[in-house]
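Each chain is listed here by its residues.
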Amino acid sequence: MLYSITEQDKNLITQTYVEYKYRFTIMKKHQVMDSFESVISIGGYSIDAESDVRRTLSLTIYLPPNEKNIEERINSWMGLDFVFETGVYSIRDNDYIWYPCGTYLLTDGNTSYDATNNSVSISLGDSYVKFNGTRNGQIGGAPNIIIPAVNEDGTRNILRDILTTIVKQEGGIEDYVIDDIGEFYGMAANNEDYEEYRKNNPEWNTLPYDLEFSVGCLVSDEISGVTDLYPNIQKYFDVYNTFCCGMIPSCDNDPITLSNDFLQKILVATNSESTTYDIQNIKNVTEVFGMTYDIDRMSEICTSSENVYHIELEDYEKYGASDYIAFTANSDNIENMRFQINELDTIPIYYEYTTDPISPGTIKAGETHVLQYKNIDNVPRFNYLGQYQPHAICVLTNDDDDPVYTKQYFEEKYNCKNIVFRVEPESPFSVQKLGVVLDVKTGDVYDNIKSDSVAIENAIYDNIKTSSWNDIVTIETKFLPWADVHIKVEYQKQQDSEPHQYIIKSISHNLEGAATSSITMYRFHPLYYTYSVA
């Protein structure tokens, strides 16, 4: 949850003279155990959208010259929460306005005592260090830990409920905001008809298969096991020490929080801008391979009559829930194609997660294709999954009508049917500008991908990360204690003729001496695109 930035907040930073004060309160749950104000020197204070430990900082605390039992005092801080706040002096109010800047714990091996200056230097990380092994997080009690997809009573486990249980029971967290997450088309940000999709696919937000972990795994392992099932999910602690989990915001409809005029006013110098391109990691063609299907039944012999494919399987007396059926087609499919095993009912073939019949020619003669049986609200269907392994290509192009880089070109080059074009007419990273720069994604979390549609989702998301998000500019401003990542701003680079929209990716505050903020932003592009598959 982001702090809501007001005009008053921005006006404080544009005062003729800006004065900051820092305060740490050391807490044990809701009880104050210790506090420091104006006896601290803060070095780095960073916020990184790409890290689960989103906030880190380092500081030096100057203790009174006659302070005794310093080691005992330091040891008493272990396991306690450091609540960090920044105050900005308001000339109008003749008082400090205080802003929350997160809650932290001491991290291992970074605490030192300097007897000469009677000071203590420490490093801290936000509360996610309780999950990832830095300051606890291991889980014991059983040789193998299994999170089942289906409970003993036959009900399926919902992803949000699983995450809530992990965070509360294993992580000991009381304050959390966990969104309903699941299949791509069930998410409101991805589909205008998400409610209809959820109605037609009631298991959209459930665990698709059992998750298994070894003894000694971390709380963060279990959380990632759930969130890595789908792309574009973030988990972190906000400035209020609330655990948050949900989609990375696309910012499509977000207002501009910080205007170009405001940012230009608070730049610390005329050369407070740098533009970087991570050339090595810029890719414009993303190829994703999912898991190889664990087929339940297979037939290489198929006949067809009108709009029905027919196969014969021994000892197959009824359609089984979620059965994976592979068959080699004897002809290209036509409109409203159906599928039949033995003498059972003929069942329509739909694109996955829809009630849309597959287009003519989707299934090719002589190729092996995979269907999955589903029965939703007592209406049976076969979902078309593709071939033996989910496979998708996403291409960044300046023009989807390019005569050279056509969908057919990529289909033939990579032997892939699922070709998606992301069109950015002005992108400097497109195939027209750089040629084809391929990025292949396979194994690890990609083995969770069980359909072409999810492979397409991942290809689009990864393509954005390795292309558009590399159009980066970093600016240095006065210290903005309320700034955060994933907010939309407007900025005109020194070499540009007009401002553009950016999303803040990371912030590195330097609070020694004149406090400043180094803000790294990537050029804003819509996170998801309407696309058609080749």
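Residues numbered from 1 in each chain as written. Predicted model: local features only at pLDDT ≥ 70, side-chain atom pairs only at ≥ 80, totals over all residues. Heavy atoms only, no water.

**Q** Explanation requested: the overall build of the protein in the structure shown.
**A** Secondary structure assignment for the protein yields nine helices and 30 strands. Overall size of the protein, expressed as C-alpha extent along the three principal axes, is 90 × 60 × 35 Å. Counting every position in the protein, which comprises 534 residues, the buried fraction comes to 52%. Residue pairs in contact within the protein that sit at least 24 positions apart in sequence constitute 70% of those at least 6 positions apart. Placing the 39 positive and 82 negative side-chain charges of the protein at their respective mean positions leaves the two points 5 Å apart. (Helix = DSSP H or I, 4+ residues; strand = E, 2+ residues; numbered from the N terminus. Buried < 20%, exposed > 50% of the residue type's maximum accessible area, 1.4 Å probe, protein only. Contact = heavy atoms within 4.5 Å. Lys, Arg positive; Asp, Glu negative; His and termini not counted. Charge placed at Lys NZ, Arg CZ, Asp CG, Glu CD.)

**Q** It is not clear to me how helix α2 (residues 70–77) should be interpreted in this structure. Could you clarify?
**A** Since the α-helix turns once every 3.6 residues, residues separated by three or four places project in the same direction. Residues of α2 that are buried include every one of Ile70, Arg73, Ile74 and Trp77, and no others. Across the axial projection of α2, the buried residues extend over an arc of 100°, all falling on one side. Among the exposed residues of α2, those oriented more than 90 degrees off its buried face are Glu72 and Asn75. Immediately beyond the C-terminal end of α2, within one or two residues, lies Gly79, with a positive phi of roughly 85°. (Arc of directions from axis to C-beta.)

**Q** Just checking my understanding: could you explain the packing of aromatic side chains for this structure?
**A** Aromatic ring pairs are defined here through the distance separating the ring centres and the angle between the ring planes. For the coordinates displayed, the defined rule picks out 32 aromatic pairs. A centroid spacing of 6.4 Å and a plane angle of 55° characterise the contact between Tyr22 and Phe479, whose relative ring orientation is tilted. In this pair, Tyr22 is assigned in strand β1 (residues 20–28) and Phe479 in the loop between β27 (472–478) and β28 (488–491), connecting sequence segments 457 residues apart. Of the residues examined, Tyr22 reaches a relative accessible area of 12% and is grouped as buried. Relative to Phe382, the ring of Tyr319 has its centre 5.5 Å away and its plane inclined at 85°; by these criteria the two rings are edge-to-face. A residue pair is termed long-range when its members are at least 10 positions apart, and Tyr319 in the loop between β18 (308–311) and β19 (324–328) and Phe382 in strand β23 (residues 379–386) qualify at 63 residues. An aromatic cluster is present here, built from Tyr20, Tyr22, Phe24, Phe36, Tyr45, Trp77, Phe82, Phe84 and Phe479 joined pairwise through their rings. Over the ring of Tyr236 we find Arg54, and its NZ or CZ is 3.9 Å from the ring centre. When the ring centre of Phe524 is taken as reference, the NZ or CZ atom of Lys488 above it lies at 4.3 Å. (Phe/Tyr/Trp six-rings, centres within 6.5 Å; stacked < 30°, edge-to-face > 60°. Lys NZ or Arg CZ within 6 Å of the ring centre and 35° of its normal.)

**Q** Teacher, can you tell me more about the pairing of strand β13 (residues 243–247) here?
**A** Among the five residues in β13, five count as buried, and that is most of the element. When strand β10 (residues 176–178) meets β13, the two strands line up parallel, connected through three bridges. The partner of Ile178 across the bridge, within β13, is Cys245. Pairing analysis gives five bridges linking strand β12 (residues 233–237) to β13, with the strands arranged antiparallel. From the neighbouring strand, Tyr236 faces β13, where its bridge partner is Cys244. Once β12 ends, the chain turns through five residues before running back antiparallel as β13, passing Asn241 with a positive phi of about 65°. (Pairing = 2+ DSSP bridges.)

**Q** Is there a simple way to explain the pairing of strand β6 (residues 95–106) in this structure?
**A** Within a regular beta strand, the side chains point alternately toward one face of the sheet and then the other, so they alternate between its two faces. One ladder, built from eight bridges, connects strand β5 (residues 81–90) with β6; its direction is antiparallel. Following the sheet pairing, Glu85 is matched in β6 by Pro100. The loop that links β5 with its antiparallel partner β6 comprises four residues; one of these, Asn94, has a positive phi angle of about 55°. Judged from the three bridges that link them, β6 and strand β8 (residues 119–126) form a sheet pairing that is antiparallel.

**Q** Looking at this structure, how should I read the pattern of salt bridges?
**A** Two side chains carrying opposite charge are able to pair once their charged atoms lie near each other. Summed over the entire model, instances satisfying the criterion amount to 14 salt bridges. The closest approach of N and O atoms between Lys130 and Asp81, which form a salt bridge, is 3.9 Å. Residue Lys130 is located in the loop between β8 and β9 (144–147), and its partner Asp81 is located in strand β5; the two are separated by 49 residues in the primary sequence. Taking relative accessible area as the criterion, Lys130 reaches 25% and is therefore assigned partly exposed. Through salt bridges with shared partners, a single network forms among Glu426, Asp471 and Arg523. (Salt bridge = Lys/Arg side-chain N within 4 Å of Asp/Glu carboxyl O.)

**Q** Would you take a moment to explain empty space enclosed by the protein for this structure?
**A** With a probe scaled to a water molecule rolled over the atoms, the places where space remains empty come into view. A complete count under the given rule lists three cavities of 30 Å³ or more for this structure. Of the pockets and cavities examined, the largest cavity occupies roughly 60 Å³. As for the largest cavity, its lining consists of eleven residues, and the residues nearest its centre are Gly182, Phe184, Met187, Asn190 and Pro231. In terms of residue class, the lining of the largest cavity is made up of seven nonpolar, two polar and two charged. (1 Å grid on protein atoms, 1.4 Å probe; cavity = no way out; pocket = protein on both sides within 12 Å on 5 of 7 lines; lining within 4 Å. Points joined across faces, edges and corners; volume = space filled by probe spheres on them. Nonpolar A, V, L, I, M, F, W, Y, C, P; charged D, E, K, R; others polar.)

**Q** Sorry if this is basic, but what is going on with the sheet that holds strand β25 (residues 419–423) here?
**A** Within a beta sheet, neighbouring strands are joined by backbone hydrogen bonds and run either parallel or antiparallel to one another. If you trace the four strands from one edge of the open sheet to the other, you get β25-β24-β15-β26, paired in mixed fashion. Two strands close off the open sheet at either side, each with one partner strand: β25 and β26 (438–441). Neighbour to neighbour, the strand axes of the sheet diverge by 15° on average, direction disregarded. With four bridges joining them, strand β15 (residues 285–289) and β26 adopt parallel strand pairing. Paired with Glu287 across the two strands is Val440, which belongs to β26. (Axes fitted to C-alpha atoms, helices over the stretch in contact; angles between N-to-C directions.)

**Q** When you look at the side chain of Arg523 in this model, what are you seeing that I'm missing?
**A** Mapping Arg523 onto the fold places it in strand β30 (residues 516–523). Residue class for Arg523 comes out buried when judged on its relative accessible area of 17%. A distance of 3.1 Å separates the side chain of Arg523 from the side chain of His500, its partner in a polar contact. Apart from residues lying up to four places away in sequence, Arg523 is in contact with Glu426, Ser468, Asp471, His500, Gln501 and Tyr502. (Polar contact = N/O pair within 3.5 Å; in protein donor to acceptor, adjacent residues only side chain to side chain.)

**Q** Would you mind showing me how to read the environment of Phe184 here?
**A** Tracing the chain through its elements places Phe184 in the loop between β10 and α4 (194–200). For Phe184, a relative accessible area of 7% puts it in the buried group.

**Q** Help me understand the environment of Arg160 in this model?
**A** You can see Arg160 is positioned in helix α3 (residues 159–170). With relative accessibility at 34%, the residue Arg160 sits in the partly exposed group. The spacing of Arg160 and Ile178 is 18 residues in sequence and 6.4 Å in space, taken between C-alpha atoms. Ignoring anything within four residues of it in the chain, the contact list for Arg160 reads Ile178, Asp179 and Asp180.

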